[in-house]
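Remarks on the overall topology
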Amino acid sequence: SDASGLIGKSADVFIAETAEQVKNFVKEKDKIVARGGGTGLAGGAVPQKGDCVLDLSKLTKIENLDGERMTVEAEAGVILDDLQEFLEKNNFEFPVNPSSHSVCTVGGMTATDAVGSRAVKYGRMSNWIKWIEVADSDGNLNRKGMTELSDYSGMEGTTGIITKVCLKIIKKPERTATVVKAYSVGEIMEIVKNTKRDSAVSMVEFVDKIISKGIGLGEGYHLIIEYENGNGILKGEEYKKVLAMRDKIYPFAANLGFKRIEDPKIPLDKFDKFFPWLEEKNIPTFGHLSVGILHPCFNEKQEKYIPEMMEMAKHCGGKISGEHGIGILKKKFVDVNDRKIFENVKKRADPKNKFNDGKMI
């Protein structure tokens, strides 16, 4: 399984400890599903049809930190928090920051082209990759640069097995934050629009009324705004507390029974068309509103609304997935033109159809 809760059956499980072992396993097996931290929310690491699971969680080397070129190399199984701890000793940081940072892996983040809360300033995972090392369907290890990156980052393990990534890093900044209360959807949109113009802003997180009250922010809507300077009201321990509060949002929703979390991406100017529909149906929602990614959380009775929500996202000029990936859960909602693109990339990079069959397409 993975964090989606979907259950699969595997013909075999192998825990690789070296890239050489990955190569040999790929040569021996016909159907392979790569697995890292198991934090995926769309079933991307769940085996189907008797696939063999290749567990990469033991590939944990971090090496070749280069302070001049501002790069570091990390194997696929490196957990993001462990990478941050390593970098922090030298006053560096990797800026992409998913909520699952304590358990997600570099390989999984690369495969899904992870986004995270600081997307307004730093974008996605692929913006911060210099090269990746990938095992192809013949078991050969190849290094792929930025011009070939889109064949692997964002393709959810369907085109090859990522074993190592060379990441670009930044000097660790000092951060502060401000929590802003809002009283209407229009006010939220205006605040986000104005805040995005500030180059010091690295995070604008939206929290709806249900979640705001539940995690201790109080009544009303709230925006958590992070600055990479001293402009925020909350500093030091107060800043850390609000960041910890933000990380507790999904666990809070899941504990109330809202376990199915989605990630539609919509243009900011359509927020007033999209969000009221969720609110009307009492679907708790939070997300990276500065880049249009929302996280509605559904209970079992509300899951019947998901197809309608997906169609709404498309009609708003948005996407069905902003960061979690397509996997199994969302492949039936993929646009026909996007499906053709995925199919063409898959055929080119994995002609033997060896990797993660049945995902995305």
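The following paragraphs examine the structure supplied in this document. (Residues numbered from 1 in each chain as written. Predicted model: local features only at pLDDT ≥ 70, side-chain atom pairs only at ≥ 80, totals over all residues. Heavy atoms only, no water.)

**Topic: the overall build of the chain**
- The helix and strand inventory of the chain stands at 11 helices and 16 strands.
- Computed over C-alpha atoms, the radius of gyration of the chain comes to 20 Å, within 12% of the 21 Å expected from 2.2 N^0.38 for 361 residues, which places it in the range of a compact globule.
- On the principal axes, the C-alpha backbone points of the chain span a range of 60 × 50 × 35 Å.
- The contacts of the chain with a sequence gap of at least 6 include a subset with a gap of at least 24, amounting to 70%.
- On the chain, roughly 15,800 Å² of surface is accessible, and the fraction owed to carbon and sulfur atoms is 49%.
- Positive and negative charge centroids in the chain, built from 54 and 53 side chains respectively, lie 2 Å apart. (Helix = DSSP H or I, 4+ residues; strand = E, 2+ residues; numbered from the N terminus. Rg over C-alpha atoms; globule rule 2.2 N^0.38 Å. Contact = heavy atoms within 4.5 Å. Areas by Shrake-Rupley, 256 points an atom, 1.4 Å probe, with all protein chains shown as cover. Lys, Arg positive; Asp, Glu negative; His and termini not counted. Charge placed at Lys NZ, Arg CZ, Asp CG, Glu CD.)

**Some words on the packing of aromatic side chains**
- With the rule as written, the count across this model stands at 8 aromatic pairs.
- On the numbers, 5.3 Å between centres and 10 degrees between planes, the contact of Phe14 with Phe25 is stacked. With Phe14 in strand E1 (residues 12–15) and Phe25 in helix H1 (residues 19–28), the pair connects residues that are 11 residues apart, well separated along the chain.
- Assessed through its relative accessible area of 28%, Phe14 is described here as partly exposed. (Phe/Tyr/Trp six-rings, centres within 6.5 Å; stacked < 30°, edge-to-face > 60°. Buried < 20%, exposed > 50% of the residue type's maximum accessible area, 1.4 Å probe, protein only.)

**Notes on the side chain of Asp2**
- Take Asp2: it is sitting in the segment before E1.
- Salt bridges are absent for the buried Asp2, whose nearest opposite-charge side chain, Arg35, sits at 6.2 Å.
- A distance of 3.4 Å separates a polar side-chain atom of Asp2 from the backbone nitrogen of Gly44.
- For Asp2, the residues in contact, after removing those within four places along its chain, are Arg35, Gly38, Gly40, Gly43, Gly44, Ala45 and Val46. (Salt bridge = Lys/Arg side-chain N within 4 Å of Asp/Glu carboxyl O. Polar contact = N/O pair within 3.5 Å; in protein donor to acceptor, adjacent residues only side chain to side chain.)

**Thoughts on the state of the cysteines**
- Going through the model one piece at a time under the given rule, you end up with 0 disulfides.
- For Cys297, which is in no disulfide, the shortest distance to another cysteine sulfur is to Cys104 and amounts to 18 Å.
- Among the residues examined, Cys297 registers a relative accessible area of 0% and is labelled buried. (Disulfide = S-S within 2.5 Å.)

**So, the sheet that holds strand E15 (residues 285–288)**
- Spatially, 6 strands are ordered E11-E13-E12-E15-E16-E14 in an open sheet, and the strand pairing comes out antiparallel. The open sheet has two edge strands, strand E11 (176–182) and strand E14 (260–261), and neither has a second partner.
- Where E11 meets strand E13 (residues 221–227), 7 bridges bridge the pair, whose relative direction is antiparallel. Across the sheet, the residue bridging to Thr178 is Ile225, located in E13.
- Taken strand by strand, helix H5 (residues 185–195) contacts E11, strand E12 (201–207) and E13, and its axis lies near 5 degrees from that of E13. (Pairing = 2+ DSSP bridges. Axes fitted to C-alpha atoms, helices over the stretch in contact; angles between N-to-C directions.)

**Points about the pattern of salt bridges**
- Scanning the entire structure with this criterion turns up 25 salt bridges.
- Measuring nitrogen to oxygen at the nearest pair gives 3.4 Å for the salt bridge that ties Lys213 to Glu219. Of the two residues, Lys213 and Glu219, neither departs from the other in class, the shared state being exposed.

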